[in-house]
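Spelled out from the first residue to the last, the chains are:
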Amino acid sequence: MQDLNLSSSKLRLWAEKYAPREKPVSRRNRSWKGISDRVGVDFGFAKKIGPGKKTWTFCGTPEYVAPEIIMNKGHDFGADYWSLGILVYELLTGSPPFTGQDPIKIYNMVMRGIEKVDFPHRITRRPEDLIRRLCR
């Protein structure tokens, strides 16, 4: 797992600042109303993996799937950081950085990486840096 200099307390503070001030919709999955119509949480494929361990389950919304999942080489917590970066991008712009009608085309865009994404000017340097660091 790569060190992104993001402690859980920093992420919690960020979420408290930017997430809506509403209560969770469900106590089971802790998803919030108002973040986005497309954001939901489903822990159907959730598993505990230890440090240095990987899993090979291929699941997820094409726009949020990390490259290592697409390549089926096994993935760890880095895939979660990737998805968080995509979510931050969508919260700031209204759509994910990789979109399309065909999942295969979306996967190809994801494989090219976040480096190939031109960020809108309204995303300032600090959020762009956070997103790029999460999507390594």
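Presented here is an overview of the structure given in this document. Residue indices follow the written sequence of each chain, beginning from 1 at its first position. Per-residue local features are limited, in this predicted model, to residues with pLDDT of at least 70; the limit for side-chain atom pairs, both in listing and counting, is 80 or more; totals at the level of whole chains, interfaces and linings are taken over all residues. To obtain the side-chain values, all non-hydrogen atoms of the structure were included, while hydrogens and water were left out.

Considering the nonpolar core
- Judged by nonpolar contacts, the single largest core of 22 residues is most densely connected at Trp 82, Phe 98, Ile 114, Phe 119 and Ile 131.
- Starting at the N terminus, helices and strands are each numbered in turn, a helix being any DSSP run of H or I of at least four residues and a strand any DSSP run of E of at least two. Elements supplying a minimum of two residues to this core: helix 3 (77-93), helix 4 (103-112) and helix 5 (125-134).
- Of the residues forming this core, the biggest block, six residues, is contributed by helix 3.
- Working rule for contacts: check all heavy atoms of both residues, and any pair within 4.5 Å makes them a contact. The contacts of Ile 131, once residues within four sequence positions are left out, are Gly 85, Val 88, Tyr 89, Leu 92, Ile 114 and Phe 119. We define a nonpolar core as any set of buried Ala, Val, Leu, Ile, Met, Phe, Trp, Tyr and Cys residues linked to one another through side-chain atoms lying within 4.5 Å. The buried label applies to any residue whose accessible area, calculated with a 1.4 Å probe on protein chains only, is under 20% of its type's maximum; exposed applies above 50%, and partly exposed to all values in between.

Points about helix 3
- An ideal rise of 1.5 Å per residue puts 24 Å on 17 residues; helix 3 measures up with 25 Å between its terminal C-alpha atoms.
- N or O atoms within 3.5 Å of each other form a polar contact, as long as, within protein, one can give a hydrogen and the other can take it, and as long as residues adjacent in sequence are counted only when both atoms are side-chain atoms. Where helix 3 starts, the residue carrying a side-chain oxygen 2.9 Å from the main-chain nitrogen of Gly 78 turns out to be Asp 76.
- Just past helix 3, the residue Gly 94 takes up positive phi, approximately 100 degrees. Working rule for helices: expected span equals 1.5 Å times residues minus one.

Focus: the pattern of salt bridges
- One side-chain nitrogen of Lys or Arg within 4 Å of one carboxyl oxygen of Asp or Glu is enough to make a salt bridge. In this structure the tally under the stated criterion is two salt bridges.
- Arg 132 is paired through a salt bridge with Glu 128; the nearest N and O atoms lie 2.9 Å apart. Placement of both Arg 132 and Glu 128 in helix 5 is noted, with a separation of four residues, approximately one turn of the helix.
- Relative accessible area serves as the criterion here: at 23%, Glu 128 is assigned to the partly exposed category.
- When the shortest N-O distance is used, the salt bridge between Arg 133 and Asp 129 registers 3.8 Å. Highlighted residues: Arg 133 and Asp 129, both in helix 5, separated by four residues, approximately one helical turn.
- Accessibility expressed as a relative area gives 41% for Asp 129, which makes it partly exposed.

Looking at the side chain of Thr 55
- Along the chain, Thr 55 turns up in the loop between helix 1 (8-18) and helix 2 (67-70).
- According to the relative accessible area criterion, Thr 55 is buried, its value standing at 12%.
- Within the local environment of Thr 55, its side chain forms a polar contact with the side chain of Lys 47, the two groups lying 2.7 Å apart.
- If we skip the residues at most four places from it in the chain, Thr 55 touches Lys 47, Ile 49, Gly 74 and His 75.

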